[in-house]
Amino acid sequence: SGCVEAMAPWPAGEGGARGGLPEVLAPEPASPKEREWRTNMGGWRERADRRAEEAQRRELEFKMLLQRRDDEEARKLLEEQRRREAAVREAQRRREAAEYTTWRQDAVLARKAEERARAQEHRVWREDVAKTSRGVAVPCATLKQVRSMAAAAT
C-alpha cells in the first residue's frame, strides 16, 4: 500500500540495543523489582492453585462453622427439652409423693381408729367378764347385733 515504503528509515544514531529500534520502544534493562515480577509471572498457575486451595479451605471452615452452629443450636434445644421433661417428671413425682403421704396419713388414721375401737371393745368385754365373775347380770347381744358385727368385721 505504499505507506510503509514511503517511511524513511530510522536514523542511524537513534537505534537502541536491537539496532534500528528507537530507544522508546526498546526494552529497558529490568530493575530488580521488575525482574522479580517477570520471574514470578511463570508461577501464576501455582498462585492460582494456592488461591483455589485457600478458597476451598475457607469454604470448608465456613461449612464446619455452620455445622457447629447447627449442632450447638440442636444441643441447646435438646437440653431445653430435657429440662422441661425433668420439670414435668419432678412435678409428677411431687404429686405422687403428696398422694402417697395423704394415703399413708389416711391409712394411719384408719388403723388408729380400728385400734381404738378394738381396745374399747376389749375393755367392754373385760368389764362384762368381771361382772359375770362377781355374779352381776350382764346384758348380752342379740343374734341380730352379733351378725351385724360379724358382717362389719369382714
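Comments concerning the overall build of the chain
Helix and strand counts for the chain stand at four helices and zero strands. N-terminal to C-terminal, the α/β element order of the chain is α-α-α-α. Looking at the chain as a whole, 2% of its 154 residues qualify as buried. For the chain, the exposed area adds up to about 14,500 Å²; of that, 57% sits on carbon and sulfur atoms.

Some points on the packing of aromatic side chains
The full count for this structure, using the stated rule, is one aromatic pair. Where tyrosine 100 meets tryptophan 103, the ring centres are 5.7 Å apart and the plane angle is 35°; that geometry is what we call tilted. With tyrosine 100 and tryptophan 103 both in helix α3 (residues 44-134) and three residues apart, this pair spans about one turn of that helix. A relative accessible area of 52% means that tryptophan 103 is categorised as exposed.

Some details on the pattern of salt bridges
The tally for this structure, following the rule as stated, stands at eleven salt bridges. Here arginine 75 makes a salt bridge to glutamate 79, at a shortest N to O gap of 2.4 Å. Within this pair, arginine 75 and its partner glutamate 79 are both found in helix α3, separated by four residues, close to a single helical turn. Note on arginine 75: relative accessible area 36%, which makes it partly exposed.

A word on α3
The first and last C-alpha atoms of α3 sit 131 Å apart over 91 residues, in line with the 135 Å expected at 1.5 Å per residue. In the stretch just after α3, glycine 135 is the one whose phi turns positive, near 95°.

A look at a nonpolar patch on the surface
Among the surface-exposed residues, Phe62, Leu65 and Leu66 lie close enough to one another that they form a single nonpolar patch of about 240 Å² accessible area. Note on leucine 66: relative accessible area 35%, which makes it partly exposed.

What about the confidence of the model for the chain?
Looking at the chain, the pLDDT average stands at 82 and 75% of residues meet or exceed 70. Across the chain, the secondary-structure element scoring lowest on mean pLDDT is helix α1 (residues 3-6), at 52, and the one scoring highest is α3, at 94. Here residues 14-18 is a poorly scored stretch, pLDDT under 50, and it has eight contacts once near neighbours within four places are set aside; other chains count.

Analysis parameters
Residues numbered from 1 in each chain as written. Predicted model: local features only at pLDDT ≥ 70, side-chain atom pairs only at ≥ 80, totals over all residues. Heavy atoms only, no water. Helix = DSSP H or I, 4+ residues; strand = E, 2+ residues; numbered from the N terminus. Buried < 20%, exposed > 50% of the residue type's maximum accessible area, 1.4 Å probe, protein only. Areas by Shrake-Rupley, 256 points an atom, 1.4 Å probe, with all protein chains shown as cover. Phe/Tyr/Trp six-rings, centres within 6.5 Å; stacked < 30°, edge-to-face > 60°. Salt bridge = Lys/Arg side-chain N within 4 Å of Asp/Glu carboxyl O. Expected span 1.5 Å × (residues − 1). Patch = residues over 30% accessible without salt bridge, like charges linked within 9 Å, V, L, I, M, F, W, Y side chains within 5 Å. pLDDT = per-residue confidence, 0-100. Contact = heavy atoms within 4.5 Å.

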